[in-house]
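# Chains, contacts and geometry: an overview
Here is what each chain is made of, one letter per residue.
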Amino acid sequence: MTMQSTATPVQLLPRRDYVTPVLWVVLFFMVLGVVINLFTNPRWRWDVVSQYIVSEQILAGLATTLWLTALSGIVGIAIGLVTAAMRLSKRAPLRMIASVYIALSRAIPALVLILFIYFFAALVPNIEIGLPFLPPLISVPTNSVITQFAAAVIGLTFILGAHLGEIFRGGVLSVDKGQQEAARALGMPPSTTQLRVILPQAIRVSTPAGANDLISLFKNTSLVSIIGYTELLTTVQSIYARTYETIPLLLVACIWYMALTLLAMGAQRLLERRMSRGFSR
Amino acid sequence: MSTQLTHPAVSCLEVSKSFADLEVLRAISLDVAQGEVVSILGPSGSGKSTLLRCMNRLEQPTRGLIRIHGDPMGYLEEAPGRFRELPERDVARQRRQIGMVFQRFNLFPHMSVLENIIEAPLRVLGSGKAEATEKALDLLARVGLSAKRDAYPEQLSGGQQQRVAIARALAMEPRVMLFDEPTSALDPELVGEVLDVISDVSRSGMTMVIVTHEISFARDVSDRVVFIDNGSIVEMGPPQQVIDHPQEERTRTFLSRVKQAELA
């Protein structure tokens, strides 16, 4: 020990790094280029953007987008939970229904699905409820049920539900097997075991991916412009179809999508922090 | 009900269990009297944990019947000798009389210590919150962890987690307690505090079945020791007999191996 403390003091230097300074310079010029373009390129038409950004028509479209997101999100979460439960069920018919549903939602492009649902009346003119091979108890024209709004919600929910179903299933599978055993050993019935022990832990694991899906849903609502449902994008399109101010109006839509997505990401972080009770990771 | 006093606390009748091609338990019959403490010893893979897990039906025996205080686990006796398998929620009701402590504690990580203990009394027994909390605090004092009531499991050492797990099981006021290698996952210096709590529970007159590798603990706490190997009971009797004067060669081999491992 004394030998070492009397030896020449050592000097420890960090690793040489030439790459990072170069990257900083590149980044600086990229940002500079964008900023200069934003200020000097007249075709952005900031005057038009500011004219429309909080206009009544745009805000109404935005409200519709938010309403569509909220409704599809809530129904999608419910369908996701049911789908996950069905895929994990010990009853084979339930597993099969859920698997086919998930396979369909993966195989069909969202845009095609929304169109298909909207034109469903061409395939099935009347929706009938009753027992097989017996006269229907209830029969209504499909077109009166599947409005633009209904087609939008059904289409978005169909995709979100299947996606969340797989995320929730992954969450449930990630919970240690000992948790279920402990709950059962305490005499908890299956419903209590799932709701009080498994689900809270599964939801925690599913939150990052699930929140990501809900944020994607907010942007995916723009897909329903294909069937002419008047949400934010459709509103924007109808304005520039009239005024030919395409770029500034798309910019209006982008600004709203970005602003609310950033807000949602903040909410996601708060949610994740709240859910991490008892977990240091 | 009046006949219950004559029933053993645990009665295994020719219990067999196979996983695919592997026969883990071979027609094991074992009775545990009320208030008796029975330790099950045996090499790993001998089936001792599986037998314990069959007792509260976390595992379903392939053949044979287990009764807890006369109640056939997992079945309803429709007519004498005719047993209909019960749905899971009815088995859950049967399990309330059996507490279990796991090797890996299995506390609920999203609940505080206190919440872990009162969860089942609240949700399963329908106890009031004040009453359940009061009982939980008594139990926490008994396992020496009153100060940790608001801690989360991950903030506790393994020994503390296991003591909470014991309190959680006792909160259901079970008639039988099962311990599945309760100290095997612990650092050596934490084993003692958990064994002390288990000894304390045994002195309260609780019927207990303990699967353990702690030979000297088994000798101290047990009324009877069962040695299992290869899915069958090799030898059973008072600890002085099975541990100190084993009759069977397999028991002797196992005990000498464990003693060598402890010295090493």
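Fair warning: this is a prediction, and the values are worked out from it, not measured in the lab.

As a further point, take the sheet that holds strand β3 (residues 37-41) of chain B. Residues and elements named next belong to chain B. Taking strand neighbours across the sheet as the criterion, the six strands line up as β8-β9-β10-β3-β11-β12 in an open arrangement whose pairing is mixed. With partners counted over all chains shown, the strands left at the sheet margins are β8 (98-101) and β12 (232-237), one partner each. Between one strand axis and the next, the sheet turns by 15° as a mean value, whatever way the strands run. Packed onto the sheet, helix α1 (residues 48-55) meets β3, β8, β9 (176-180), β10 (207-211) and β11 (224-229) and runs at close to 150° relative to β9.

Below, the discussion takes up unusual backbone geometry. In this model, phenylalanine 133 of chain A sits at a positive phi of 65°, which is unusual for a non-glycine residue. Tracing the backbone shows phenylalanine 133 of chain A in the loop between β1 (126-129) and β2 (138-141). Using a relative accessible area of 87% as the deciding quantity, one classes phenylalanine 133 of chain A as exposed. With a phi close to 55°, asparagine 230 of chain B is a non-glycine residue in the positive phi region. Secondary-structure assignment places asparagine 230 of chain B in the loop between β11 and β12.

Okay, the UniProt feature "domain: ABC transporter" (unreviewed entry) in chain B next. UniProt's feature table lists "domain: ABC transporter" (unreviewed entry) at residues 10-255 of chain B, given in the numbering used throughout. Strand forms 28% of residues 10-255 of chain B and helix 37%; the C-alpha atoms that close the span are 26 Å apart.

Turning to the interface of chain B and chain A, a few remarks are in order. Every contact between the two is made by 28 residues of chain B and, on the other side, 22 residues of chain A. Summed over both partners, the interface of chain B with chain A comes to about 2,200 Å²; 57% of that surface belongs to carbon and sulfur atoms. Connecting chain B to chain A are three salt bridges. For the salt bridge of glutamate 88 of chain B with arginine 184 of chain A, the shortest nitrogen-to-oxygen distance reads 3.3 Å. The interface formed by chain B and chain A contains six residue pairs in polar contact (both at pLDDT 80 or more). Those elements that place two or more of their residues in the side of chain B that touches chain A are α2 (88-95), β8, α3 (113-125) and α5 (158-170) of chain B. Here the side of chain B that touches chain A takes five residues from α3 of chain B, the largest share from any one element. Looking at side-chain class alone, the side of chain B that touches chain A contains 14 nonpolar, three polar and 11 charged residues.

Turning next to the sheet that holds strand β1 (residues 10-19) of chain B. Residues and elements named next belong to chain B. Judged by pairing direction, the sheet is antiparallel, and its four strands sit side by side in the order β2-β1-β4-β5 without closing on themselves. Because the sheet does not close on itself, it has two edges, and the strands there are β2 (22-32) and β5 (71-72). Both β1 and strand β4 (residues 63-68) contribute to a ladder of five bridges, which runs antiparallel. Directly across from cysteine 12, in β4, lies its bridge partner isoleucine 66. Sitting on the sheet, α1 is in contact with β1, β2 and β4, with an inclination near 60° to β2.

About the thresholds
- Residues numbered from 1 in each chain as written.
- Chains lettered and ligands numbered in written order.
- Predicted model: local features only at pLDDT ≥ 70, side-chain atom pairs only at ≥ 80, totals over all residues.
- Heavy atoms only, no water.
- Pairing = 2+ DSSP bridges.
- Helix = DSSP H or I, 4+ residues; strand = E, 2+ residues; numbered from the N terminus.
- Axes fitted to C-alpha atoms, helices over the stretch in contact; angles between N-to-C directions.
- Contact = heavy atoms within 4.5 Å.
- Buried < 20%, exposed > 50% of the residue type's maximum accessible area, 1.4 Å probe, protein only.
- UniProt positions renumbered as here; feature names shortened; annotations may be inferred.
- Buried area = accessible area lost by both parts, 1.4 Å probe.
- Salt bridge = Lys/Arg side-chain N within 4 Å of Asp/Glu carboxyl O.
- Polar contact = N/O pair within 3.5 Å; in protein donor to acceptor, adjacent residues only side chain to side chain.
- Nonpolar A, V, L, I, M, F, W, Y, C, P; charged D, E, K, R; others polar.

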